[in-house]
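# Summary of the model geometry
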Amino acid sequence: MRRSVLAGLGAVVAMTVSFVAAPVASAGQELPLPGFGDVVVDDAHERVFVSGGGSGNGIVVTDFSARVRRTIPNQQGADGLVLSADGTKLYVALSAGDAISVIDTATLTETARYPTGAGTCPTHLARTGGLIWFGYGCVDGTFSGKIGKLDPAAATPVSGDHQKDVRYQRAPLLTSSGVANGPLLAGQLSLSQSMVQVYTVSGGELGTGATGDVVGAGLYDTDITSDGATLYSAAGGRDRVEAFASADLARRGAYAARPRPVAVSLSPDDLHLAAGALTTDGNDVLIYEVGGVTPIKTVSLDSGETVQPRGLSWSADQDRLFVVTRHHNDAEPHLEVEYRPLG
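Note that the structure is a prediction, hence the values are computed from the model and not measured.

Before going further, it helps to spend a moment on the packing of aromatic side chains. Under the counting rule described, the total for this entry stands at 4 aromatic pairs. Summarising the aromatic geometry, the rings of tyrosine 232 and tyrosine 255 are spaced 6.4 Å apart at their centres and angled 45° between planes, so their arrangement reads as tilted. Taken as a pair, tyrosine 232 in strand β20 (residues 230–235) and tyrosine 255 in strand β22 (residues 251–256) lie far apart in primary sequence, 23 residues in all. The exposure classification of tyrosine 232 matches that of tyrosine 255, with both residues buried. When the ring of tyrosine 255 is compared with that of tyrosine 288, the centres are 5.2 Å apart and the planes differ by 65°; the resulting orientation is edge-to-face. On the criterion of sequence distance, the pair formed by tyrosine 255 in strand β22 and tyrosine 288 in strand β25 (residues 285–289) is long-range, its members being 33 residues apart. Grouping residues by exposure puts tyrosine 255 and tyrosine 288 together as buried. The rings of Tyr232, Tyr255 and Tyr288 are connected pair by pair, giving a single aromatic cluster.

Bringing the sheet that holds strand β10 (residues 110–115) into the picture now. Spatially, the 4 strands line up as an open sheet ordered β7-β8-β9-β10, and their pairing is antiparallel. Two strands in the sheet have a free side with no partner beyond their single neighbour: β7 (78–83) and β10. Recorded for the sheet is a direction-independent mean angle of 20° between the axes of neighbouring strands. In terms of strand pairing, strand β8 (residues 89–94) meets strand β9 (residues 99–104) through 6 bridges, oriented antiparallel. Along β9, the bridge assignment pairs valine 92 with serine 101.

Take the state of the cysteines next. The tally for this structure, following the rule as stated, stands at 1 disulfide. Put simply, cysteine 121 and cysteine 138 are joined by a disulfide, and their sulfur atoms are 1.8 Å apart. Measuring the twist about the S-S bond at about 100°, one finds the cysteine 121-cysteine 138 disulfide to be right-handed. Pair noted here: cysteine 121 is in the loop between β10 and β11 (122–128) and cysteine 138 is in the loop between β12 (131–136) and β13 (146–150), with a separation of 17 residues, a long-range link.

In this section: unusual backbone geometry. That bond from glycine 182 to proline 183 is cis: its omega, 0°, falls within 30 degrees of zero. One can find proline 183 in the loop between β15 (173–176) and β16 (184–187). Of note, the phi angle at asparagine 74 is positive, near 60°, even though the residue is not glycine. Here asparagine 74 is to be found in the loop between β6 (68–72) and β7.

This part is about the environment of aspartate 227. Mapped onto the fold, aspartate 227 is located in the loop between β19 (219–224) and β20. A residue is classified by how much of its surface remains accessible, and aspartate 227, at 60% relative accessible area, is exposed. Reaching out from aspartate 227, the side chain makes a polar contact with the side chain of threonine 225 at a distance of 2.7 Å. A polar contact is formed between the side chain of aspartate 227 and the backbone nitrogen of alanine 229, at a distance of 2.9 Å.

Our next topic: the confidence of the model for the protein chain. With 91% of its residues at a pLDDT of 70 or more, the protein chain shows a mean pLDDT of 89. Below pLDDT 50 for its whole length, residues 4–26 participates in 106 contacts with residues either more than four positions away or in separate chains.

Analysis parameters
Residues numbered from 1 in each chain as written. Predicted model: local features only at pLDDT ≥ 70, side-chain atom pairs only at ≥ 80, totals over all residues. Heavy atoms only, no water. Phe/Tyr/Trp six-rings, centres within 6.5 Å; stacked < 30°, edge-to-face > 60°. Helix = DSSP H or I, 4+ residues; strand = E, 2+ residues; numbered from the N terminus. Buried < 20%, exposed > 50% of the residue type's maximum accessible area, 1.4 Å probe, protein only. Pairing = 2+ DSSP bridges. Axes fitted to C-alpha atoms, helices over the stretch in contact; angles between N-to-C directions. Disulfide = S-S within 2.5 Å. Polar contact = N/O pair within 3.5 Å; in protein donor to acceptor, adjacent residues only side chain to side chain. pLDDT = per-residue confidence, 0-100. Contact = heavy atoms within 4.5 Å.

If you want it as structure tokens, here you go:
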């Protein structure tokens, strides 16, 4: 998903950078969360929001140095996160609360809550213009996953079943560039053969576009360019992050990421991508120029630390790359900051 900035790591972790130039400083901190759901950066206030997933009841707020500044409570199963177009609101998918809450990014208080229906478990969010789309579905293995819509300006804000008869085994991962006319990308996570579906957005409704299982097995993360023309996937069954044309899913390149890539994040200008993998060989995060052959930088995490699925995001000025990690001995996520990731 497009994330303004990302973060997450566990226990104060030092990152070692191997690169042609001298290493640059990084910072990290353990977050008081039982797990990891999603991460979003509020560039205007220089804050990072990190949710704890279905087993948590809060959102951690850090500064741009990964220091914890606040915890927002009473957010049952806080999972997917997305900012409003003007950045004044943070929408939170409450997978254990059957609702989407709204947090004022200036005061860090909840200002609204939209019920999505009993037993819906909204999990993943994406925004197209002023519309918030949510992937929902509580039970794995029953193909109960669907796509709903939240239109805060409508008389009836919440509606479900917008996926045009496509069924997902669990709540689909949603990704968009944020623009009003889409497209919206839905991906089926963690299957032996994962599927992606591209939707067009017009008049507040979804239209079906390209679909296929080209991403391979064990999909973990997706991202999409600002113009919506190219999508990127990180799937555990592959050893590379792959690019596809959103119009027809034709291949548009690949970026070696070591075994089991779990995270991909495009820089805000679409000129670089960061790829993270569940690896123990020191090549934890690789940064490429889009269209490049070899990484321009490699980030090596401390021993025992691994990048979390969907755990990468950039600051708007591209001066920081936030990395959500976890140590194999701990459940708590960590937030690390890689300064000057482009050199």
